[in-house]
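Analysis of the macromolecular model
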Amino acid sequence: MTLEDRLSDIYSSVLLRNPGEVEFHQAVEEVFDSLAVVVQREPEYLDAGVIQRLCEPERQIIFRVPWVDDSGEIQVNRGFRVEFSSVLGPYKGGLRFHPSVYLGIVKFLGFEQVFKNALTGMPIGGGKGGSDFDPKGRSDGEVMRFCQSFITELYRHLGEYTDVPAGDIGVGAREIGYLFGQYKRITNRFESGVLTGKGLGWGGAQVRKEATGYGTVIFAEEMLRTRGRSFDGLDVVVSGSGNVAIYAVEKVQQLGGRVLAVSDSSGYVYDPEGIDYELLQQVKEVERARICEYAERRDSAELRTSGSIWDVPCQVALPCATQNEISADEADTLIRNGCVVVAEGANMPSTPEALKAFQSSDVLFAPGKAANAGGVATSALEMQQNASRDSWSFEHTEERLTTIMVDIHERCATTADEYGQPDNYVLGANVSSFLQVADAMIAQGVV
Ligand code: GLU
């Protein structure tokens with residue numbers, strides 16, 4: 001059997017064993033596309049069975065989450081935690097609360113997280129979790145009762161040396177607070193290192209909130225630098241308006257760029273004078289309101305409920321909303337309008353067809369597992385501070401984040417060069433992280 005055939009056999013068995021989990025298949029396929037060059041050079045990775053093992057999570061937990069809503073009615077949601085790989089450290093990765101969550105989404109996120117976390121250079125394994133609970137429109141009391149029920153099952157699988165969740169879509173400081181409070185109550189331990197993204201007054205780290213958005217922009221700045229450019233004077237489009245998008249907007253502006261549009265599920269706002277970061281933060285983070293509120297309060301902004309945010313011409317596109325948000329047509333529009341850099345702030349926002357379009361154009365494209373690794377890297381910095389009962393300043397933490405992002409960029413670019421595909425950040429990210437994870441697996445034996 002040729003090496004390609006052996007790789008495609010493994011892929012077929014992943015499809016068979018995980019029916020219907022389309023996002024997971026997509027994430028695996030993208031990595032496998034990059035691994036062909038690795039197994040050509042070093043077939044022993046196939047012999048060691050690391051690829052099959054990597055595609056099967058170490059543990060998957062699915063559980064009932066019953067809770068009582070404000071009208072006294074009983075609600076039932078489904079909770080998940082997929083502990084993918086602990087070869088580099090305790091399982092690490094966020095929790096997503098969104099109605100679209102099912103096993104296939106959690107597995108795609110957990111699989112990506114293994115490689116992303118390796119890229120950070122920090123001692124963290126990969127996992128992901130969440131629930132199909134929809135926090136939208138729920139009162140604080142309902143969110144609290146849901147979080148308490150969720151962690152009352154999950155707590156037995158967690159621990160600072162075992163599994164350390166954090167936030168993702170639908171899970172921010174409020175939810176982490178409720179989860180931590182109940183974990184502490186059940187275990188009778190103030191175990192700071194069991195969750196990251198905590199409040200600043202009780203073990204949280206400076207810059208954690210900002211880290212994913214800031215990190216994505218720092219990564220994009222490094223990409224621009226390879227073309228002798230910077231953000232200064234560039235037009236930028238940022239999709240989404242959650243935690244990642246808000247702080248991406250802030251960082252772009254600090255670096256002299258102008259963000260022309262942001263979005264949510266109701267549409268997008270176009271603001272030719274540049275998105276007002278403080279107003280965006282007030283509307284979306286403080287008030288938890290819709291993006292139309294932004295348009296109503298700002299004269300220069302216009303709400304658009306038809307068409308695509310990617311119709312807005314820009315030199316840099318930062319998709320920071322959710323998976324598969326950019327179609328092939330939208331990618332073509334971006335390319336036609338002169339986009340130079342695409343850096344994914346969300347996890348897998350480009351469809352496979354969009355990815356192909358970017359890669360066969362002159363656009364520099366960075367996958368989420370590299371460009372958005374700043375969030376989880378800063379979670380690892382939070383764990384480091386918790387372990388030493390220390391807390392660092394904003395400036396020091398941001399400096400560490402910047403160094404980590406510049407290093408990830410360098411690592412991806414160098415690996416792409418080594419494998420004869422300069423500028424291919426997808427290959428660079430997949431291959432470099434795979435080699436680190438695979439070598440550690442081989443060293444630790446068949447477990
Ligand atoms: N959910 C984030 C991610 O996709 C952060 C995970 C974490 O901080 O553990 O990487």
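Residues numbered from 1 in each chain as written. Predicted model: local features only at pLDDT ≥ 70, side-chain atom pairs only at ≥ 80, totals over all residues. Heavy atoms only, no water.

On the surface, a nonpolar cluster with roughly 290 Å² of combined accessible area is contributed by V68, I74 and V76. Looking at V76, the relative accessible area reads 55%, which means it is exposed. (Patch = residues over 30% accessible without salt bridge, like charges linked within 9 Å, V, L, I, M, F, W, Y side chains within 5 Å. Areas by Shrake-Rupley, 256 points an atom, 1.4 Å probe, with all protein chains shown as cover. Salt bridge = Lys/Arg side-chain N within 4 Å of Asp/Glu carboxyl O. Buried < 20%, exposed > 50% of the residue type's maximum accessible area, 1.4 Å probe, protein only.)

The first and last C-alpha atoms of helix α5 (residues 103–119) sit 25 Å apart over 17 residues, in line with the 24 Å expected at 1.5 Å per residue. Approximately 25° is the largest bend angle found in α5, and it occurs at Q113. Among the 17 residues that make up α5, 17 are buried, leaving the element largely enclosed by the rest of the structure. The first or second residue beyond α5 is G121, which carries a positive phi of 75°. (Helix = DSSP H or I, 4+ residues; strand = E, 2+ residues; numbered from the N terminus. Expected span 1.5 Å × (residues − 1). Bend = angle between axes of the 7 residues up to and from the residue.)

So, about the nonpolar core. The biggest cluster of nonpolar side chains holds 61 residues, and the ones touching the most others in it are F219, V238, V262, L318 and I408. Not counting the four nearest positions on each side in its chain, F219 is found in contact with A366, A370, A371, M405, I408, H409 and Y425. Residues F32, L46, L54 and V114 belong to the second largest nonpolar core, which totals 44 residues. (Core = buried A, V, L, I, M, F, W, Y, C linked by side-chain atoms within 4.5 Å. Contact = heavy atoms within 4.5 Å.)

Applying the stated criterion across every chain yields a total of 20 aromatic pairs. Between the aromatic rings of F24 and F111, the centroid separation amounts to 5.9 Å while the plane-to-plane angle is 85°, which identifies the pairing as edge-to-face. Linking F24 in helix α2 (residues 22–41) with F111 in helix α5, this pair joins segments that are 87 residues apart in sequence. As far as the burial class goes, F24 and F111 line up, both buried. Each residue in the set F63, W67, F97, F133, F146 and F150 is aromatic and connected to the rest through ring pairs, giving one cluster. Above the plane of the ring of Y214 lies K251, whose end atom (NZ or CZ) is 4.5 Å from the centre. (Phe/Tyr/Trp six-rings, centres within 6.5 Å; stacked < 30°, edge-to-face > 60°. Lys NZ or Arg CZ within 6 Å of the ring centre and 35° of its normal.)

Before going further, it helps to examine the site of the ligand. Neighbouring residues of the ligand: 14 residues in total, closest K92, K116, D168, R208 and S379. Residue K116 places a side-chain N or O atom 2.9 Å away from an oxygen atom belonging to the ligand. Note that an oxygen atom of the ligand is positioned 3.0 Å from one of the side-chain N or O atoms of K128. Computed on the free molecule, the ligand has an accessible area of 300 Å², of which 95% lies beneath the protein chains in the complex. Among the secondary structure elements, those contributing two or more residues to the shell around the ligand are β3 (91–97), α5 and α15 (374–387). In the shell around the ligand, the residues fall into 2 nonpolar, 7 polar and 5 charged. (Near = heavy atom within 4 Å. Polar contact = N/O pair within 3.5 Å; in protein donor to acceptor, adjacent residues only side chain to side chain. Nonpolar A, V, L, I, M, F, W, Y, C, P; charged D, E, K, R; others polar.)

To continue, consider the pattern of salt bridges. As a working rule, side chains carrying opposite charge can pair if their charged atoms are close by. The tally for this structure, following the rule as stated, stands at 28 salt bridges. Among the ionic pairs, R189 bridges to E191, the shortest N-O distance being 3.1 Å. Judged by relative accessible area, R189 falls into the partly exposed class, the value being 42%. For E191, a relative accessible area of 6% translates into the label buried. Within the structure, one salt-bridge network assembled from shared partners comprises E30, E112 and K369.

Quick look at the packing of helix α8 (residues 208–225) against α15 now. It is the contact of α8 with α15, at a shortest axis distance of 7 Å, that shows an interaxial angle of 145°. At the point where α8 passes α15, the crossing takes the right-handed sense. Of the residues in α15, those touching α8 at R208, A211 and T212 are G374, G375, V376, T378, S379 and E382. Of the residues belonging to the contact of α8 with α15, the class tally is 2 nonpolar, 5 polar and 2 charged. (Axes fitted to C-alpha atoms, helices over the stretch in contact; angles between N-to-C directions. Left-handed = near helix turned anticlockwise from the far one by under 90°.)

Functional significance is not addressed by these values, which are geometric in nature.
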